[in-house]
Amino acid sequence: MMVKKNKVSVICPYCGAGCRFGLIVENGRATGIDYEPDHPVALGALCPKGNSAVELLNHPERLTFPIRREHNGTTRRITWDEALQFVANKLRQIREDFGADAVGFLASAKVSNEENYLFQKLARLFGSPHVDHCARLCHSPSIVALSRAFGSGAMTNPIPDLENSRCILIIGSNFSENHPVVSRWVLNAKDRGAFIIAVDPRKTPTTEIAHIHLMIRPGTDGILLNAIMAQILREGLANYDFIASRTEGFERLKNKLQQFDIIKAAEQVGVPVGDIVITARKYATSPSSAIIYCMGITQHRHGTDYAASCANLALLCGHIGRSGAGIFPLRGQNNVQGASDMGALAEFLPGYVRTNDVKKRQLVAKLWGCEDIPSSGLSVTEIIGAILDGKIKALFVMGENPIVSDPCSSETEKALSMLDLLVVQDIFMTETANFAHVVLPAAMWAEKSGSYTNTERRVQWSPKALNPPNEAKSDLWIIGNLGKLLGLWDTLPQPEDMLREINQVVPFYGGITPERIAKSKEGLIWPCPDEHHPGTPILYSEKFHRENERATFTVPEIDFEAPRSFEPFSLITGRVVVHYNSGSITRKLPSLLRYTPKLELTIHPSDAGELGIKDGSTVLVKTVKGTVETVVKVSPSVRQGSVFMPFHFPETNRLTPKDLDPMARIPSFKDAQCQLIRKDK
Amino acid sequence: MKEIFVRIDRCVGCRSCELACAVEHSRSKTLFGAISEVPRPKKRVYVEYIEHRKVPFLCRHCEDAPCVKACRTGALSQDPVTRIVTHNPDRCIGCWLCAMTCPYGMINREEERRIAVKCDRCPEREEPACVNACPTKALVFAEEQEFSKLVRRETLSKLLPGYAS
Amino acid sequence: MQSMASWKIFINPERCIGCHACEMACEQTHGGISNIKVQCAPVFCRHCEVPPCVTVCYRNAIEMRNGKILLIKDLCTNCGICVFACPFGAIMTTTITRQIEPGKKAHSAVPCHFEARSAEEPHTEHEKPKRSLADARDDTPRERQIVLVHKCDGCLERAEASGARPACAATCPSGAIECKDIAQASSLKRIRTYEVHLVTHLTHREGTSP
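These numbers were taken from a predicted model, which means no experiment stands behind them.

Q: Whenever I open this one, the sheet that holds strand β13 (residues 326–329) of chain A confuses me. Can you help?
A: Within a sheet, each strand pairs with its neighbour through backbone hydrogen bonds, oriented either parallel or antiparallel. All names here are of chain A. The strand order across the open sheet built from five strands is β10-β9-β8-β12-β13, with neighbouring strands paired in parallel fashion. Looking at strand neighbours, the two that pair on one side only are β10 (212–214) and β13, the edges of this open sheet. When the angles between neighbouring strand axes are averaged without regard to direction, this sheet yields 15°. On the sheet, helix α13 (residues 273–285) packs against β8 (167–171), β9 (195–199), β10 and β12 (289–293) and is oriented at approximately 130° with respect to β8.

If you want it as structure tokens, here you go:
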């Protein structure tokens, strides 16, 4: 029997590192993985999630045909024609009755650039301003703060460049579990003599790499960052040449920092003063220093200020714009950077054109063949509130699981049940899909072609390796056909055509054509304005992207006098290495689930002792938003007075608060506080 | 206890130390005899050419030797008084954990018996063979205080002319 | 790789991030059973060059080929003596369910000079096991739980076929598992020692910059 065996080089569907591997396909079925050593970031490596790709593609619980759910909860299989007609008609009806801004659209951080581009185009041509996606929940502070400081909100240097740093400050990032391949490059830097500092309220595999670990009190990141800057100023270690020639706004920050009492700060942060001084000296005096940061900085009520403080620190010492020196906000999902670039955000159009910038907006409208585009809309977190207020009647959710990813799940559930129309387009029947009136089966990444932008701004092409099962279709096909039915366009675009349109509309993707990236193992890093441009791995080497080409310092609004206290316990939510975000994918894969099969709350031994809680016992965790049950793990990897829960299990976000950072509108996931109650009481 | 100190700036890369080490660990103890021996005697000291530098590397016989801790069979052991780490070929199984843990890369491989070889500080000699062979006195076999004294004397001899008035 | 025999699978435990990718890659390339266990760092066969497991195997079921130590499944009786002999605990055991073909004896193709007895058969040497005609025509599929003894094979077949690295080394995201030649690896360490620790010492003495 002739076995048709093929190997297709695809991009990993999980995190923002964007590793590449060979998928072995036999007779139309995924059967194995081939490691490809010539990828610049991964060098052929693949973390446990990437290694689960074959199991994922062959999963028996895939959605394979459209489903309609009636009001009494019964479901039945329907045809694509039926499904798309129903959705189009309902959307049109709601627009007529309540206006186009009564419809919300949640884009996906996992689908291709072409698909996200078409999705936000559909939403805006339909007339709705409410397009957003889960970047709101993770790096919206980075987009806001770094755009303001530098002109662009993205990571400044490629991941392999980390090995050229002589000092790496890791703050609020656990890349060893969430971006495992980054570990290699940081370890290479360490082997070459770089000094590694980790700041995290928890002990993690990442903090184990560091020479010193500042195990700070939760919520004191802003105080620490500013204390470090104050110390650098005091010791005369700031890079005044750089400040004078390439920045503005320093005087205001300097005045604020000069009032800083570092000894008091050390007490508030809960670390030895000496550690702050060492960090300040090492970071400032090394020839090239890097800052790696992630959710530990952004998911706070002051997330934007914390991200802005990271930018200030880099500018203060001139550690930006050259090899080994830069800021690395590690984007989480395989295409969250791309989703942001494609304008699937409430305040941005493709290319980060501001929706409230009428002139620029109308230029985009012209390219789309229409007069104007709606202005700024509501974010993911605000859409739920608007549904509860009766302002939004319909929601189209593509590749997202808000019931598990959004804070305060009880509110999300209540909101979704109030909708006149909920459409969910996904690969599995997720917790959110269980509420949908129409469920559309989507293809997985390897079952369609498209480009994906990783955290380094690297745009890579991932070709189609096999067909989707049964009636599942690519997101591009679904959105394209829906747009046709809504009268928004005439033809169904192919991924390559869509990318060519993106080349026209998004200037910094101008030269990232399908021809160039389809045959390239390492893709192209934007900005890449034309077809001869080689891409821009390191940003800001000559000028910043602001109008006067200078970067700006920003003065944070944080109240340095009274850091937040969490009573009785600070609740920190985060991730573990074998799971991915809402767990809708990884909780279905036995090869991963076996390592972390259930939700566990980690508590310090002294706290456990005081409460009489034993390792492995069950407790109730209570916050103002809800109560859940979980098993306990006793470990000194958390501070006293602080507990940790991974959010891959639906129970966790039942507890988290909805308070938003005012500028980026990110929920303060890491600013929660909770009570623990023994189950036998 | 005496240590072997390395004055890297004096190394000219002649590799006399490597030759002497191999000859000392041969049966015939002569250069001509050593060349034709089977198994071929192996050096335990290494001179690396790095850019324009010639740098000799010798086993440090570390205080808390990682190689001894990594060795599961007891082939590597450390004398508690002299601190010298010795390798017993009869117990070696060639697992290479010592080579993996040694931070300085001091473990070599004997092809014939497929086991490890490393510096033994020439137990049958008064002065190790490498020190004896070095023509520029880059290698110094001395107690720590003696060597410090040597360095101080050198430093002073550079400083004092500046004070002459 | 110049000579296949000279490369060793190095473990750098300080680089291990505990992600289990090596276990998954190993089991995917070895029929669903991993030969690696991660406990603070990955543990698997060191392919010793004077191997204790080879010495103790009474069936000569473990041999060295191209510098790797291989357990030959067809000769192995899963007795587990090598498991005790290995100083690293790198020879592992996994309980599997083995299907026995209808009509065949429980213990399969291992050539023995004595007959295998099933649990129901009498133990005394004088009594010959009674077999009824029914037994001879027994076609029901049977299952048996056995403890399989297995260990890392250095992915030698992959290496010999296509020069591919072992799956664990290929997948490790942090570089904790690497294929290197001992002499080259040691030389690299010496150069690194100089570059990181000694060069500044030298330049301070001479008053020159690096």
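Following the structure, the description resumes.
Q: For this particular structure, what's the right way to read the interface of chain B and chain C?
A: Buried accessible area, meaning the area lost when the parts come together, often serves as the stated size of an interface. Taken together, the contact pairs 25 residues of chain B with 25 residues of chain C. At the level of secondary structure, the elements contributing two or more residues to the side of chain B that touches chain C comprise β2 (46–50), β3 (53–57), α4 (97–101) and β6 (108–110) of chain B. Taken together, the residues that form the side of chain B that touches chain C break down as 16 nonpolar, four polar and five charged.

Q: Looking at this structure, I do not really get the pairing of strand β17 (residues 421–426) of chain A. What am I missing?
A: Put simply, side chains in a regular strand alternate between the two faces of the sheet. All names here are of chain A. Across the six residues of β17, five count as buried, placing the element largely inside the fold. Taken together, the five bridges between strand β16 (residues 394–398) and β17 define a ladder with parallel strand orientation. Note on β17: the bridge partner recorded for L395 is L422. Strand direction decides the pairing type here: β17 and strand β18 (residues 438–441), joined by four bridges, are parallel. Bridging from a neighbouring strand, V424 pairs with V439 of β18.

Q: Mind showing me how you'd approach the nonpolar core here?
A: In a soluble, globular protein the nonpolar side chains are often hidden away together inside. I168, I291, C310 and A311 of chain A together with C130 of chain B are the most contacted members of the largest nonpolar core, which has 278 residues in total. The element best represented in this core is helix α15 (residues 303–317) of chain A, accounting for 10 residues. What I168 of chain A contacts, discounting residues up to four positions off in sequence, is L162, V186, A189, A194, I196, A290 and I292 of chain A. Counting residues in hydrophobic clusters, the runner-up holds 22 residues, among them I572, V621, F669 and C674 of chain A.

Q: Please clarify how the interface of chain C and chain A should be interpreted in this entry.
A: In this assembly, 17 residues from chain C lie in contact with 23 residues from chain A. Going through the elements one at a time, α1 (21–29), α6 (167–171) and α7 (182–206) of chain C are the ones with two or more residues in the side of chain C that touches chain A.

Q: When you look at helix α5 (residues 140–150) of chain A in this model, what are you seeing that I'm missing?
A: Note: α-helices contain 3.6 residues per turn, so residues at a spacing of three or four share the same orientation. Residues and elements named next belong to chain A. The element α5 is extensively covered by neighbouring structure, given that nine of its 11 residues are classed as buried. Next to the buried residues of α5 lie α14 (295–298), α15, β13, α16 (336–341) and β22 (551–552). Directly beyond the C-terminal end of α5, a positive phi value near 105° is found at G151.

Q: Help me out: how do you make sense of the domain arrangement of chain B in this one?
A: All names here are of chain B. Segmentation of chain B into domains returns domain 1 (1–58 + 121–165) and domain 2 (61–118). For domain 1 versus domain 2, the distance between C-alpha centres works out to 21 Å. Residue-level contacts link seven residues of domain 1 with 12 residues of domain 2.

Rules used throughout
Residue indices follow the written sequence of each chain, beginning from 1 at its first position. Here the convention is simple: chains get letters from A, ligands get numbers from 1, in the order in which they are written. In keeping with the predicted nature of the model, local features appear solely for residues at pLDDT of at least 70, side-chain atom pairs appear and are counted solely at 80 or more, and the whole-chain, interface and lining totals rest on all residues. Strands are treated as partners if at least two bridges between them are detected by DSSP. Here a helix means four or more residues in a row that DSSP labels H or I, a strand means two or more in a row labelled E, and each is numbered from the N terminus. Note on geometry: axes are lines fitted to C-alpha atoms, helical ones only across the stretch in contact, with angles between N-to-C directions running from 0 to 180 degrees. Placing C-beta atoms from the backbone, we regard two residues as in contact once those atoms come within 7 Å. Basically, the charged four are Asp, Glu, Lys and Arg, the nonpolar ten are Ala, Val, Leu, Ile, Met, Phe, Trp, Tyr, Cys and Pro, and anything else, Gly included, counts as polar. With C-beta atoms placed from the backbone, the exposure class of a residue follows from how many other C-beta atoms lie within 10 Å of its own: 20 or more, buried; 12 or fewer, exposed; in between, partly exposed. Here, a nonpolar core means buried Ala, Val, Leu, Ile, Met, Phe, Trp, Tyr and Cys residues linked by C-beta atoms lying within 7 Å of one another. Domain boundaries shown here were taken from an automatic or database domain assignment.

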